[in-house]
Amino acid sequence: MQERDHLYERTIRSEQIYDGKIIKVKVDEVLLPNGKTGKREIVHHQGAVAVLPLTDEGKLVVVRQFRKPLERTIVELPAGKLEPGEDPLACAKRELAEETGYQAEQFTHLSSFYTSPGFADELLHLYVATGLRPGAVRPDEDEFVEVLALSLPEAKALHERGEICDAKTVLALFAWENRVLKERG
């Protein structure tokens, strides 16, 4: 902690209450900046990657899949969780191939961001993939996806209808639109 960090919350006690395959959950008791104590429920996640795959024809490759927490199907970027010690770029290449069948000549790191820092420590690494070559889709055995290639107007329409609604894909959609606008001058 730095002296100027007057907002720091020091952990007094920590208790892990769940240890699952994808997440761990703990409850921390913290000393607040005002001297009082508080509780923080924290979800630990290994981290993840997402890929913004762009075809030579200027289309975005996405997947449509059912998301149980939402109880509905949404359209989103190919993405997946990092394995322990896995390099994010290697994970991005793997997830792109598994979910869409595509291989890419070039991957460019766009951004890394925390998905929901109010309660989770998941860090997501976002890559742009270009020079795509099609191949066979190889999803995990419990993963069912439909691959789509969308123009920018089609993707924006899906966002407006609420079919593209997760943070990583919305952020990527805006980044893609910004890239297209810069290219047009």
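Residues numbered from 1 in each chain as written. Predicted model: local features only at pLDDT ≥ 70, side-chain atom pairs only at ≥ 80, totals over all residues. Heavy atoms only, no water.

Focus on the pairing of strand E9 (residues 123–133)
The side chains of a regular strand alternate, first on one face of the sheet and then on the other. For E9, a buried count of 8 out of 11 residues is recorded, marking the element as mostly surrounded by other parts of the structure. Sheet analysis places strand E4 (residues 48–53) next to E9, joined by 6 bridges and oriented parallel. Looking across to E9, one finds that Pro53 is bridged to Ala129. Sheet analysis places strand E8 (residues 103–114) next to E9, joined by 10 bridges and oriented antiparallel. Bridge pairing in E9 links Gln106 to Thr130. (Buried < 20%, exposed > 50% of the residue type's maximum accessible area, 1.4 Å probe, protein only. Helix = DSSP H or I, 4+ residues; strand = E, 2+ residues; numbered from the N terminus. Pairing = 2+ DSSP bridges.)

Details of the side chain of Glu122
By the element assignment, Glu122 lies in the loop between E8 and E9. The side chain of Glu122 sits in the buried core without any salt bridge; Lys168 is the nearest counter-charge, 8.0 Å away. In this structure Glu122 touches His45, Gly47, Ala48, Phe113, Tyr114 and Thr115, once residues within four positions along its chain are discounted. (Lys, Arg positive; Asp, Glu negative; His and termini not counted. Salt bridge = Lys/Arg side-chain N within 4 Å of Asp/Glu carboxyl O. Contact = heavy atoms within 4.5 Å.)

Details of the sheet that holds strand E10 (residues 146–150)
Read from one edge of the open sheet, 3 strands run E6-E5-E10, paired in antiparallel fashion. Every interior strand has two partners, whereas the edge strands, strand E6 (72–76) and E10, have only one. Going from strand to strand, the sheet's axes swing by 30 degrees on average, the running direction of each strand aside. Packed onto the sheet, helix H2 (residues 152–160) meets E6 and E10 and runs at close to 120 degrees relative to E10. (Axes fitted to C-alpha atoms, helices over the stretch in contact; angles between N-to-C directions.)

A word on unusual backbone geometry
Of note in this structure, Glu71 is not a glycine but carries a positive phi near 55 degrees. Counting through the fold element by element, Glu71 comes out in the loop between strand E5 (60–67) and E6.

What about the nonpolar core?
With 24 residues, the main nonpolar core has Leu52, Leu77 and Trp176 as its most contacted residues. Elements represented by at least two residues in this core include exactly E4, E5, E9, E10, H2 and helix H3 (167–184). By residue number, the principal contributor to this core is H3, which donates 5 residues. One finds Val49, Cys91, Ala104 and Leu132 within the second-largest nonpolar core, a separate group that totals 13 residues. (Core = buried A, V, L, I, M, F, W, Y, C linked by side-chain atoms within 4.5 Å.)

Brief notes about the packing of H2 against H3
Between H2 and H3, the shortest axis-to-axis distance is 11 Å and the interhelical angle comes to 145 degrees. Of the two elements, H2 crosses H3, and the hand of that crossing is left-handed. In this structure, H2 uses Leu152, Ala155, Lys156 and His159 to contact H3, whose residues at the interface are Val170, Leu173, Phe174, Trp176, Glu177 and Val180. Residues belonging to the contact of H2 with H3 are distributed by class as follows: 7 nonpolar, 1 polar and 2 charged. (Left-handed = near helix turned anticlockwise from the far one by under 90°. Nonpolar A, V, L, I, M, F, W, Y, C, P; charged D, E, K, R; others polar.)

What about the sheet that holds E8?
The sheet built from 4 strands is open, its strands ordered E7-E4-E9-E8 with mixed pairing. One side of each edge strand has no neighbouring strand; the edge strands of this open sheet are strand E7 (79–81) and E8. Across the sheet, the axes of successive neighbouring strands diverge by a mean angle of 20 degrees, strand direction being ignored. Contacts between H3 and the sheet are confined to E4, E7, E8 and E9, with E9 contributing the most and set at about 50 degrees to the helix.

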